[in-house]
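Listed below are the residues making up each chain.
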Amino acid sequence: MKLEALRIPAPLRGFAAGEAQLFDIALAGDRVESVVPSAQQAQASGTLLSALVDAHAHIDKNYTVQDVGAAQGNLFAAIERMNRHRESWTGESLRLRMERALNDAWRSGTRALRTHLDWVQAEPPAALAVFEALREEWRGRVELQFVSLTPLDLFADMAAGERIAREVKRAGGTLGAFVYRNEGIVHKLGRVFDLAQQHGLGLDFHVDEGLDVEASGLRSIAQLVRARDFAQGVVCGHCCSLSVQDDAVANETLALCAGAGLHLVALPTTNLYLQGAWDRTPVQRGITRIREAAARGLRASLATDNVQDAFYPYGSYDLLETFGLGVQMAHLAPASDWLDTVTVNPAKALGLAWDGRIAPGCPADLLVLSATDEHELIGPRGRQRTVIRAGRVLDTLN
Ligand SMILES: [Zn+2]
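So, here's what we can say about the structure.

Conventions and cut-offs
Residues numbered from 1 in each chain as written. Predicted model: local features only at pLDDT ≥ 70, side-chain atom pairs only at ≥ 80, totals over all residues. Heavy atoms only, no water. Helix = DSSP H or I, 4+ residues; strand = E, 2+ residues; numbered from the N terminus. Rg over C-alpha atoms; globule rule 2.2 N^0.38 Å. Buried < 20%, exposed > 50% of the residue type's maximum accessible area, 1.4 Å probe, protein only. Contact = heavy atoms within 4.5 Å. Areas by Shrake-Rupley, 256 points an atom, 1.4 Å probe, with all protein chains shown as cover. Lys, Arg positive; Asp, Glu negative; His and termini not counted. Charge placed at Lys NZ, Arg CZ, Asp CG, Glu CD. Pairing = 2+ DSSP bridges. Axes fitted to C-alpha atoms, helices over the stretch in contact; angles between N-to-C directions. Left-handed = near helix turned anticlockwise from the far one by under 90°. Nonpolar A, V, L, I, M, F, W, Y, C, P; charged D, E, K, R; others polar. Phe/Tyr/Trp six-rings, centres within 6.5 Å; stacked < 30°, edge-to-face > 60°. Lys NZ or Arg CZ within 6 Å of the ring centre and 35° of its normal.

1. Concerning the overall build of the protein chain
And then number 1: A count of helical and extended segments in the protein chain gives 13 helices and 15 strands.
And then number 2: The C-alpha atoms of the protein chain give 21 Å as radius of gyration, which agrees with the globular expectation for 398 residues (21 Å, within 12%).
And then number 3: Each of the three principal axes of the protein chain carries a C-alpha extent, and together these read 65 × 50 × 45 Å.
And then number 4: Counting across all 398 residues of the protein chain, residues that qualify as buried make up 59%.
And then number 5: In the protein chain, once contacts between residues fewer than 6 apart in sequence are set aside, the share between residues at least 24 apart is 76%.
And then number 6: Accessible area of the protein chain: about 15,700 Å², with a carbon and sulfur share of 48%.
And then number 7: Taking the average place of the 40 positive charges on the side chains of the protein chain and the average place of its 48 negative ones, the gap between the two points comes to 2 Å.

As structure tokens, this is what we get:
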């Protein structure tokens, strides 16, 4: 297959482009064979991306909003509702929800997805066995990873923490926790780091998902990574509080994060819905400081988070929708320069074999967008796509 006169956004180029802006790409089998400057540089036929990577989802609870109702901005009400609803979850209902999510992601051009699985007690949740089966079934289409999502306070129970870490290790997952203004936060986080180090696990936190200026979870995590020389990957999702802290405080935290090699993940849809006032028009919108982080070399990811559940009653697994929202919410301009937020950066955060940079020899897992210039990216033509997986065109919804 040959693709002609395509723009390849600068952060996705794994080759020396020189002055050229448009490229011809030849595919051979499941690989990219060559990338060369187009003979004509005047008119693009579209934009080429590597297949998308979703660093943060919740496929165990998506599509439940009809049952539980939307929480209208109250994160803790949403958590409470899901806690009640979780008691009704069965293997069958979980499988239906998870498969629907994976189909949606796959058709949208997602090649890898990391989901959090609610894990609110020592024993593994029913969702884990379903996830493990689906991870096998979807191998080669959507590479799946999971994170245990446990309230940080549960790690104060030594036996419970040990049980969780063992099971996460057995199932090949990443250890996680929900961290927000907990009492004894440094001590409890230290316990999570102990377990990760003892079992050789990476870490992925929901951290500071709120607008309290005193929230210090992100800073504590960065300090622990450095104090422990923690060598596994550490991913921090949300980090909303950073948006309302004084510049000096936030910058100090970001410097610690950059020094610690943390990965930041911003979740535009759920943040917009849950953060900011609901009794009047919201002013604060909860997106973390993506641009200040980038200025320190810390390139964040944009990810899906919740889909049609109590935390976020709308949405889909189309990461290009999320990208468009993130661009507008955080003023990411020019948009092309931020396409690494849904490709390269999450690939690194998840430790994938391919970082998503397009170059001869890379996998032919690609998206061709109809958008021919910068401005069309954030519009219908920026979402209109041909998905190519292993060198073959996938029938898409668009
Ligand atoms: Zn989440």
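2. Comments concerning the sheet that holds strand E9 (residues 203-207)
And then number 1: Reading across from one edge, E8-E9-E10-E11-E12 is the order of the 5 strands in this open sheet, with parallel pairing throughout. The open sheet has two edge strands with one neighbour each: strand E8 (175-179) and strand E12 (301-302).
And then number 2: Examined bridge by bridge, E9 and strand E10 (residues 234-238) share 5 bridges and lie parallel to one another. By the bridge assignment for E10, Leu203 is matched with Val234.

3. Section: the packing of helix H7 (residues 217-228) against helix H8 (residues 247-260)
And then number 1: Relative orientation of the contacting elements H7 and H8 amounts to 35°, with a least axis distance of 9 Å. The handedness of the crossing between H7 and H8 is left-handed. On H8, the residues touching Leu218, Arg219, Ala222, Gln223, Val225 and Arg226 of H7 are Val249, Glu252, Thr253, Ala255, Leu256, Cys257, Gly259 and Ala260.
And then number 2: Residue classes in the contact of H7 with H8 are distributed as 8 nonpolar, 3 polar and 3 charged.

4. Looking at the environment of Leu262
And then number 1: Relative to the helices and strands, Leu262 is located in the loop between H8 and strand E11 (263-266).
And then number 2: Distance from Leu262 to Asp204, taken between C-alpha atoms, is 9.9 Å for residues 58 residues apart in sequence.
And then number 3: Leu262 has contacts with Leu218, Ile221, Ala222, Val225, Val234, Cys236, Cys257 and Leu298, leaving out every residue within four places of it along the chain.

5. A short note on the packing of aromatic side chains
And then number 1: What the rule picks out here adds up to 11 aromatic pairs.
And then number 2: Centre to centre, the rings of Phe76 and Tyr180 are 6.4 Å apart; their planes meet at 20°, and the pair counts as stacked. Here Phe76, found in helix H2 (residues 75-86), pairs with Tyr180, found in the loop between E8 and helix H6 (185-199); they are 104 residues apart in sequence, far enough to count as distant.
And then number 3: By relative accessible area, Tyr180 is classed as buried at 13%.
And then number 4: With centroids separated by 5.2 Å and ring planes inclined at 70°, the aromatic side chains of Phe193 and Phe230 adopt a geometry described as edge-to-face. With a gap of 37 residues between them, Phe193 in helix H6 and Phe230 in the loop between H7 and E10 connect regions that are remote in the sequence.
And then number 5: Members of the aromatic cluster, each reached through a chain of ring pairs, are Tyr273, Trp278, Tyr312 and Tyr314.
And then number 6: Residue placement shows Arg181 over the ring face of Tyr180; its charged tip is 5.7 Å from the ring centre.

Nothing here speaks to function; it is all geometry.
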